[in-house]
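# Commentary on secondary and tertiary structure
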Amino acid sequence: MVAYELIRLPDRKTILGLNAVGARQPGRSYSAQLASQAGIFTNVNLINSTGQSRRVVLSAIQADGSGIGQPQTRTLAAGQQFSIDAGALFGAAAAAQDCALAAGFVGSLIVEADSDGVLGDVIFGDPDNFRYAAGLHL
């Protein structure tokens, strides 16, 4: 299976497109870019492209390899999409872990799926006016 991604923001005149990719084999996927702080957001998007449920574990890490908050586990039903802001996913846990992270965090994302067929990406940019944005496949 191959998927192309087209993202339309209904309240903006912005369209993002990501090149087509094939379903990945089980294992780890990465994004070197993950941030939630004043002036920048990261949206994490996962899609289960299979006909069976998949369990995924999402972990945020700092540049030194230490964790940001606690790893988050989600189960994606067959064909389900999961999309969430990184601040909502890791922010409260990060702030509870370290007061310095309460104002936001910058790091990387690791996604571990229990089997094949999970595709994903991150969209990051300016959360207020969407003056800049970029998208990367995991």
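## Concerning the overall build of the protein chain
Scanning the protein chain for helices and strands turns up 1 helix and 10 strands. For the protein chain, the α and β elements follow one another from N to C terminus as β-β-β-β-β-β-β-α-β-β-β. For the protein chain, buried positions account for 43% of its 138 residues. Intrachain contacts of the protein chain at a sequence separation of at least 6 include 67% that bridge at least 24 residues. Carbon and sulfur atoms make up 51% of the accessible area of the protein chain, which totals about 7,300 Å².

## Observations concerning the pairing of strand 5 (residues 54-61)
Burial analysis of strand 5 places 6 of its 8 residues in the buried class, which makes it a mostly covered element. As defined by bridge partners, strand 5 adjoins strand 6 (residues 67-76) across 7 bridges and the pair is classed as antiparallel. When the sheet's bridge partners are listed, A60 is paired in strand 6 with I68. The pairing of strand 5 with strand 8 (residues 104-113) spans 6 bridges and is antiparallel.

## Structural notes on the pattern of salt bridges
The tally for this structure, following the rule as stated, stands at 2 salt bridges. Among the ionic pairs, E112 bridges to R28, the shortest N-O distance being 3.1 Å. Taken as a pair, E112 in strand 8 and R28 in strand 3 (residues 27-37) lie far apart in primary sequence, 84 residues in all. In this structure, D116 engages R54 in a salt bridge whose closest nitrogen and oxygen atoms are separated by 3.2 Å. Remark: R54 occurs in strand 5 and D116 occurs in the loop between strand 8 and strand 9 (118-125); sequence separation between them is 62 residues.

## Some remarks on the nonpolar core
If you look at the biggest cluster of nonpolar residues, it comprises 21 residues, and the most contacted ones within it are L34, L46, L58, F90 and L109. At the level of elements, strand 4 (41-48), strand 5, strand 6, strand 7 (81-85), helix 1 (86-97), strand 8 and strand 9 are the ones that each hand at least two residues to this core. By residue number, the principal contributor to this core is strand 8, which donates 4 residues. Setting aside its immediate chain neighbours within four residues, L34 contacts T42, V44, A60, A86, F90, F105, V106, G107, S108 and L109.

## A closer look at the environment of A113
Secondary-structure assignment places A113 in strand 8. Put simply, A113 and S29 are 84 residues apart on the chain and 8.4 Å apart in space, counted from C-alpha to C-alpha.

## Remarks on the sheet that holds strand 7
Reading across from one edge, 7-4-9-10 is the order of the 4 strands in this open sheet, with antiparallel pairing throughout. Strand pairing shows two members of the sheet lacking a second neighbour, strand 7 and strand 10 (133-137), which therefore form its edges. On average, each strand axis in the sheet is tilted by 15° relative to the strand beside it, whichever way the strands run. Pairing of strand 4 with strand 7, which is carried by 5 bridges, proceeds in the antiparallel orientation. Looking at strand 7, one finds that N43 is bridged to D85.

Cut-offs used in this document
Residues numbered from 1 in each chain as written. Predicted model: local features only at pLDDT ≥ 70, side-chain atom pairs only at ≥ 80, totals over all residues. Heavy atoms only, no water. Helix = DSSP H or I, 4+ residues; strand = E, 2+ residues; numbered from the N terminus. Buried < 20%, exposed > 50% of the residue type's maximum accessible area, 1.4 Å probe, protein only. Contact = heavy atoms within 4.5 Å. Areas by Shrake-Rupley, 256 points an atom, 1.4 Å probe, with all protein chains shown as cover. Pairing = 2+ DSSP bridges. Salt bridge = Lys/Arg side-chain N within 4 Å of Asp/Glu carboxyl O. Core = buried A, V, L, I, M, F, W, Y, C linked by side-chain atoms within 4.5 Å. Axes fitted to C-alpha atoms, helices over the stretch in contact; angles between N-to-C directions.

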